[in-house]
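Each chain is listed here by its residues.
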Amino acid sequence: MYESFFGFTEAPFSLNPDPGFLFLGRNHSKALSILEFGLASESGITVITGAIGSGKTTLVRHLLNHMPENRTVGLITNTHKSFGELIHWISMAFDLDHEGRDKVSLYNQFVKYLIDEYAQGNRVVLIVDEAQNLDADTIEELRVISNINADKDLVLQLVLVGQPELKETLASPGLVQFVQRVSAYYHLTPLKLDEARKYIKHRTKVAGVPRNPFRDEAVDLIYASSAGVPRLINTLCHLALTYCFAEGRKTVTADIMREILADREEHGLFGIGAGGGVGFGGDGGDGGLDRVSNNCSWPRKRRG
């Protein structure tokens with residue numbers, strides 16, 4: 001819509017996770033380092049948490065695109081409340097036959113699969129995105145499945161990524177054994193103001209416009225209204241560029257942002273989100289925007 005007007009080669013503030021736009025601020029750099037450390041080391045379980053829209057799935061997408069050699073990866077993203085049997089979803093994630101098979105048969109098949117991959121010199125990695133939707137029983141089932149790592153050789157690594165509710169679930173008394181196996185953990189926090197400035201400039205530059213069209217005063221308002229949450233920053237920046245395009249203006253000023261915020265408040269599209277910033281109304285869910293896809297599959301094999 002406004003891309004050609006500003007000279008962008010693509011939309012700079014899409015809500016879809018795009019690792020090509022990954023901005024590594026202080027906290028995102030640390031989170032990525034923790035993920036990379038977890039995969040490179042003998043870490044059995046790695047956990048990353050963060051608020052809705054904080055950029056967790058973008059980090060996962062980046063990780064998938066830069067997966068170490070000799071890793072076989074399965075990805076589960078569809079963890080809604082009617083999740084069903086975990087072993088069925090694991091089987092689907094690794095393209096294993098699962099139709100019409102019982103739980104015991106699927107478990108034995110997966111164990112054989114892990115052993116076969118290990119024999120070929122590959123380490124199997126299961127990544128669960130939106131893991132805050134897993135209940136304590138399902139997480140305990142993950143621990144039981146990971147018991148195959150009981151010997152000195154690591155054949156299965158788990159990566160759980162989710163909203164802060166995941167941390168609350170892991171604090172359950174019944175999950176002490178699971179938590180004791182977590183070797184790497186990081187909580188992703190919102191951007192600081194200086195990072196938000198760099199984040200906006202970074203995204204416009206990646207989209208093909210080196211000159212940042214956002215004035216500092218406009219960014220101040222964006223930051224205050226978004227509480228530094230990347231997805232909300234994207235939403236407001238997209239609106240700002242749309243308003244400027246409609247008015248034939250090439251620069252986002254504080255006046256434009258005040259108009260946008262006033263319009264949003266008047267029409268009731270936004271409510272107050274976490275941290276006092278502007279957020280989507282509703283039940284607080286992220287509407288699937290932080291998901292890689294609506295299924296659990298991914299190109300799985302990275303060979304050396």
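Keep in mind that this is a model prediction, so the values were computed, not measured. (Residues numbered from 1 in each chain as written. Predicted model: local features only at pLDDT ≥ 70, side-chain atom pairs only at ≥ 80, totals over all residues. Heavy atoms only, no water.)

Enquirer: Looking at this model, I keep getting lost on the overall build of the protein. Mind explaining?
Expert: Within the protein one finds twelve helices and eight strands. Per-residue burial over the protein gives 51% buried out of 304 residues. Once local pairs closer than 6 in sequence are excluded, the contacts in the protein between residues at least 24 apart make up 76%. Summing over all exposed atoms, the protein offers an accessible surface of approximately 13,900 Å²; the carbon and sulfur share of this is 53%. (Helix = DSSP H or I, 4+ residues; strand = E, 2+ residues; numbered from the N terminus. Buried < 20%, exposed > 50% of the residue type's maximum accessible area, 1.4 Å probe, protein only. Contact = heavy atoms within 4.5 Å. Areas by Shrake-Rupley, 256 points an atom, 1.4 Å probe, with all protein chains shown as cover.)

Enquirer: How do you make sense of unusual backbone geometry when you look at a structure like this?
Expert: Only a minority of non-glycine residues have a phi that is not negative, and only a minority of peptide bonds are not trans. The phi dihedral of Asn70 is positive, around 60°, even though this residue is not glycine. Residue placement: Asn70 occurs in the loop between helix 3 (56-65) and strand 2 (71-76). Even without a glycine there, the phi angle at Asp95 is positive, about 60°. By the element assignment, Asp95 lies in the loop between helix 4 (86-93) and helix 5 (103-119). Exposure remark for Asp95: the relative accessible area of 59% places this residue in the exposed category.

Enquirer: Any chance you could explain helix 3 here in plain terms?
Expert: Residues that lie three or four places apart on an α-helix share one face, since the helix turns once every 3.6 residues. Taken across its ten residues, helix 3 has eight buried, putting it largely inside the fold. Along helix 3, the positions that sit buried rather than exposed are Lys56, Thr57, Thr58, Leu59, Val60, His62, Leu63 and Leu64.

Enquirer: Mind showing me how you'd approach the packing of aromatic side chains here?
Expert: For any pair of aromatic rings, the description consists of the separation of the ring centres together with the inter-plane angle of the planes. Scanning all chains against the criterion turns up ten aromatic pairs. Between Phe94 and Tyr113 the ring centres are 5.5 Å apart and the planes differ by 50°, which places this aromatic pair in the tilted class. Of the two residues, Phe94 is situated in the loop between helix 4 and helix 5 and Tyr113 in helix 5; the sequence distance between them amounts to 19 residues. Among the residues examined, Tyr113 registers a relative accessible area of 12% and is labelled buried. Here a set of aromatic residues connected by ring pairs shows up, and it is made of Tyr2, Phe5, Phe6, Phe8 and Phe245. Directly above the ring of Phe5 sits Lys250, whose terminal nitrogen or CZ lies 4.1 Å from the centroid. (Phe/Tyr/Trp six-rings, centres within 6.5 Å; stacked < 30°, edge-to-face > 60°. Lys NZ or Arg CZ within 6 Å of the ring centre and 35° of its normal.)

Enquirer: Looking at this model, I keep getting lost on the nonpolar core. Mind explaining?
Expert: Soluble globular proteins tend to pack their nonpolar side chains together in the buried interior. Residues Ile90, Phe94, Phe110, Leu126, Leu142 and Leu156 are the most contacted members of the largest nonpolar core, which totals 30 residues. Elements with a contribution of two residues or more to this core: strand 1 (45-50), helix 4, helix 5, strand 3 (123-128), helix 6 (136-145), strand 4 (156-162) and helix 7 (164-170). For this core, the leading source of residues is helix 4, giving five residues. When sequence neighbours within four positions are dropped, the list of residues in contact with Ile90 reads Ile76, Phe110, Leu126, Leu142 and Ile145. By size, the runner-up hydrophobic cluster in this structure holds 29 residues, among which are Tyr2, Leu191, Tyr243 and Val252. (Core = buried A, V, L, I, M, F, W, Y, C linked by side-chain atoms within 4.5 Å.)

Enquirer: Can you help me understand the pairing of strand 2 in this one?
Expert: Note on strand geometry: in a regular strand, side chains alternate between the two faces of the sheet. Within strand 2, six of the six residues are buried, which leaves it mostly tucked inside the rest of the structure. Side chains Arg71, Val73 and Leu75 of strand 2 all project onto a buried face; the interleaved residues Thr72, Gly74 and Ile76 project onto the opposite face, where all are buried too. Bridging between strand 2 and strand 3 involves six bridges; their strand directions are parallel. Across the sheet, residue Val73 finds its bridge partner in strand 3, namely Val125. (Pairing = 2+ DSSP bridges.)

Enquirer: Looking at this structure, I do not really get helix 6. What am I missing?
Expert: Every buried residue of helix 6 is accounted for by Thr138, Ile139, Glu141, Leu142, Arg143 and Ile145. Among the structural elements, helix 4, helix 5, strand 3, strand 4, helix 7 and helix 8 (176-180) are those in contact with the buried residues of helix 6.

Enquirer: Looking at this structure, I do not really get the pairing of strand 1. What am I missing?
Expert: The element strand 1 is largely enclosed, with a buried count of six among its six residues. With burial as the criterion, each face of strand 1 is covered, one bearing Ile45, Val47 and Thr49 and the other bearing Thr46, Ile48 and Gly50. With five bridges connecting them, strand 1 and strand 4 associate as parallel partners. Residue pairing for strand 4: Thr46 is matched across the bridge by Val159. Across six bridges, strand 1 lies against strand 5 (residues 182-188) in parallel orientation. For Thr46, the partnering residue across the bridge sits in strand 5 and is Ala184.

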